[in-house]
Structure formats: structure tokens, C-alpha cells
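# Per-entry structural report
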Amino acid sequence: MPQPAHLLVAALLLLLAPASSSSKKDHYRFRSDMPTEDPEFNGEDNYFGNSVTPASRCRHNYHERTENAINRQINLFLHVGYVYNSMAHHFGRCDVALPGFNTFFKQMAQEQREKSESLMAYQNLRGDWSPRREGGGGHGWGTGLEAMHHALELEKSVNQALLELHMVALQHEDIHAATLIQTNFINPQVEKIFTISQYITNLERVGPGLGEYMFDKLPQN
């Protein structure tokens, strides 16, 4: 008699094992509107983003998929704002001349920018590293010195594009356009490159930590 009893207990354990693992899997289903079969769902730790080093100290229960979805929405708002701005200037042309439409679409563009900035502020509130740096292999922009180096490269690329634009105007003997580009864009651009270069020099001089903090308090910032 003892031997069949042991067999009965073993059989009951085998029957209960799948049910136990299934209930454990379904335990987190109510915490998401996504099915647990989602390939990005790899268990409790990954589900709550705890397997990845937190982006900031204030981050808590902010899933990476939510963060990414909000970033996509930010990009959409920015794109739509760009399109509305283009539409506004279309109606401001001399051969279209519909200032009411121009004003309307300018307002629409401004609304999109405000929406994107609102979501960016929310990402900061939840501890996101938004917006992401394209081609940087990571999040954010690093220290103030690193960000200034990126800004310097951006401004140099803008300056190069302006110089090429200026040359096109000169090649076609459009003195008015060439003068406008040089006076209103190239000259300020050169000054901006010089200013950012000075910022980099001072940031390198004062160093990280307290030095960067004090630099941040300067009036020009």
C-alpha cells in the first residue's frame, strides 16, 4: 500500500506543476495591455526595466516601451509642426497671398512644438534620457563639455552649408541673395562658432563637477 500512495503523490505533483508555472506567467498580465507572448517580454525584471541601469535616479516603474513610444510621438509632433510651418509659408507667397491661412497654419505649427516640448518635459520627469542622440550609440548628450563639442560640430556643418549656399547665389550673380546670406546668416554663424569654442576652452579649464556647475551659472548661459 505505501508504494501506490507515493506514486499517487508524484502524479499529483506532475499535474500541478504546469498549472503553477502558468499562473506565475499570467500573474503579470494585468500589469500591461500587451500580451505576455510579446517577444520583448523576458520576465519580471525586464518587464519593469530593472535589468537595465536606470536612466536617472527619479526613474521608477517607467517601462522602456512606454518611453520609446513617447519618443516616437515627440518625433511625430515635430514632423507635423515642420509640415504646418511649410504650409504657412506657402500661403504667405506673393502668388497665393492668403494671410488668414498663413496665420492659421503658423498657429498649428506652434501647437505641435508645444506638444512636443510638453512630452519632452514629461520624459525628464519620469527619468528618461530623452531625446536620444542619433548615431551616438546611446542616450543623452553627456556632460556640458561633451554637448558643447557636439554643438560646435553642428554649427560648423551649418556654416559649411551656408557657405555653399552663398557660392550658389554668387555663381548665378544673385547679389541680393548673396548679401542676405552673408549678412544675416554667415557672419552670425562665424561669431557663434567662436563663442562656442570659447565655452569649450573654459569648460576644459574649470573641469567637471563643481567647475561645470559654476560655468552653468554664468549670465550668458
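In what follows, the structure referred to is the one given above.
Now for a description of the structure that goes with this document.

The rules behind these values
Residues numbered from 1 in each chain as written. Predicted model: local features only at pLDDT ≥ 70, side-chain atom pairs only at ≥ 80, totals over all residues. Heavy atoms only, no water. Helix = DSSP H or I, 4+ residues; strand = E, 2+ residues; numbered from the N terminus. Buried < 20%, exposed > 50% of the residue type's maximum accessible area, 1.4 Å probe, protein only. Contact = heavy atoms within 4.5 Å. Areas by Shrake-Rupley, 256 points an atom, 1.4 Å probe, with all protein chains shown as cover. Salt bridge = Lys/Arg side-chain N within 4 Å of Asp/Glu carboxyl O. Core = buried A, V, L, I, M, F, W, Y, C linked by side-chain atoms within 4.5 Å. Phe/Tyr/Trp six-rings, centres within 6.5 Å; stacked < 30°, edge-to-face > 60°. Patch = residues over 30% accessible without salt bridge, like charges linked within 9 Å, V, L, I, M, F, W, Y side chains within 5 Å. Axes fitted to C-alpha atoms, helices over the stretch in contact; angles between N-to-C directions. Parallel < 35°, antiparallel > 145°, perpendicular 65-115°, else oblique. Left-handed = near helix turned anticlockwise from the far one by under 90°. Nonpolar A, V, L, I, M, F, W, Y, C, P; charged D, E, K, R; others polar.

## A few points about the overall build of the protein chain
Scanning the protein chain for helices and strands turns up seven helices and zero strands. Each helix and strand of the protein chain, ordered N terminal to C terminal, gives the series α-α-α-α-α-α-α. Across the 221 residues that make up the protein chain, the buried fraction comes to 22%. In the protein chain, the share of contacts with a sequence separation of at least 24, taken over all contacts with a separation of at least 6, comes to 55%. Approximately 16,100 Å² of the protein chain is accessible, and the part contributed by carbon and sulfur atoms is 60%.

## Concerning the pattern of salt bridges
As enumerated under the stated definition, the model contains two salt bridges in all. Among the ionic pairs, glutamate 67 bridges to arginine 59, the shortest N-O distance being 2.7 Å. Among the residues examined, glutamate 67 registers a relative accessible area of 3% and is labelled buried. Residue aspartate 95 is joined to arginine 93 by a salt bridge in which the shortest nitrogen-to-oxygen separation is 2.6 Å. Overall, aspartate 95 belongs to the exposed group, its relative accessible area being 52%. The class of arginine 93 is partly exposed, set by a relative accessible area of 41%.

## Structural notes on the nonpolar core
The biggest cluster of nonpolar side chains holds eight residues, and these are Met148, Leu152, Ile193, Ile196, Tyr199, Ile200, Leu203 and Phe215. Secondary structure elements with two or more residues in this core: helix H5 (144-171) and helix H6 (175-206). With five residues, the top contributor of residues to this core is H6. Setting aside residues up to four positions removed in sequence, isoleucine 193 forms contacts with Leu152, Glu155, Lys156 and Asn159.

## Some remarks on the packing of aromatic side chains
Ring pairs (aromatic) are described by centroid distance and by the angle formed between their planes. Going through the model one piece at a time under the given rule, you end up with five aromatic pairs. Summarising the aromatic geometry, the rings of phenylalanine 91 and phenylalanine 101 are spaced 4.9 Å apart at their centres and angled 25 degrees between planes, so their arrangement reads as stacked. Taken together, the residues phenylalanine 91 in helix H3 (residues 64-91) and phenylalanine 101 in helix H4 (residues 99-126) connect sequence positions ten residues apart. The exposure class assigned to phenylalanine 91 is buried, which follows from its relative accessible area of 16%. With relative accessibility at 43%, the residue phenylalanine 101 sits in the partly exposed group. A centroid spacing of 5.7 Å and a plane angle of 10 degrees characterise the contact between phenylalanine 91 and phenylalanine 105, whose relative ring orientation is stacked. Here phenylalanine 105 lies in helix H4 and phenylalanine 91 lies in helix H3, a separation of 14 residues in the sequence. Feature note: the residues Tyr84, Phe91, Phe101, Phe104 and Phe105 constitute an aromatic cluster, connected by ring pairs.

## Description of a nonpolar patch on the surface
Residues Tyr82, Val83 and Met87 make up a contiguous nonpolar surface patch of about 280 Å² in total accessible area. Its place among the elements puts tyrosine 82 in helix H3.

## Digging into unusual backbone geometry
Backbone phi values are negative for most residues with the exception of glycine, while trans is the configuration of most peptide bonds. Phi angles above zero are rare outside glycine, and alanine 97 is one such case at about 50 degrees. Its identity is not glycine, yet glutamate 173 carries a phi of approximately 55 degrees, on the positive side. Here glutamate 173 is to be found in the loop between H5 and H6. Glutamate 173 gets classed as exposed once you look at its relative accessible area, which sits at 67%.

## Some points on the environment of lysine 156
Checked against the element boundaries, lysine 156 lands in helix H5. Residue class for lysine 156 comes out partly exposed when judged on its relative accessible area of 40%. Between the C-alpha atom of lysine 156 and that of valine 190, which follows or precedes it by 34 residues, the distance is 8.6 Å.

## A few points about the packing of H5 against H6
One can describe the packing of H5 onto H6 by two numbers: an axis separation of 9 Å at closest approach and a directional angle of 160 degrees. The orientation of H5 with respect to H6, classified from their angle, is roughly antiparallel. Pair H5 / H6 crosses with left-handed handedness. Of the residues that constitute the contact of H5 with H6, the class distribution is 21 nonpolar, seven polar and four charged.

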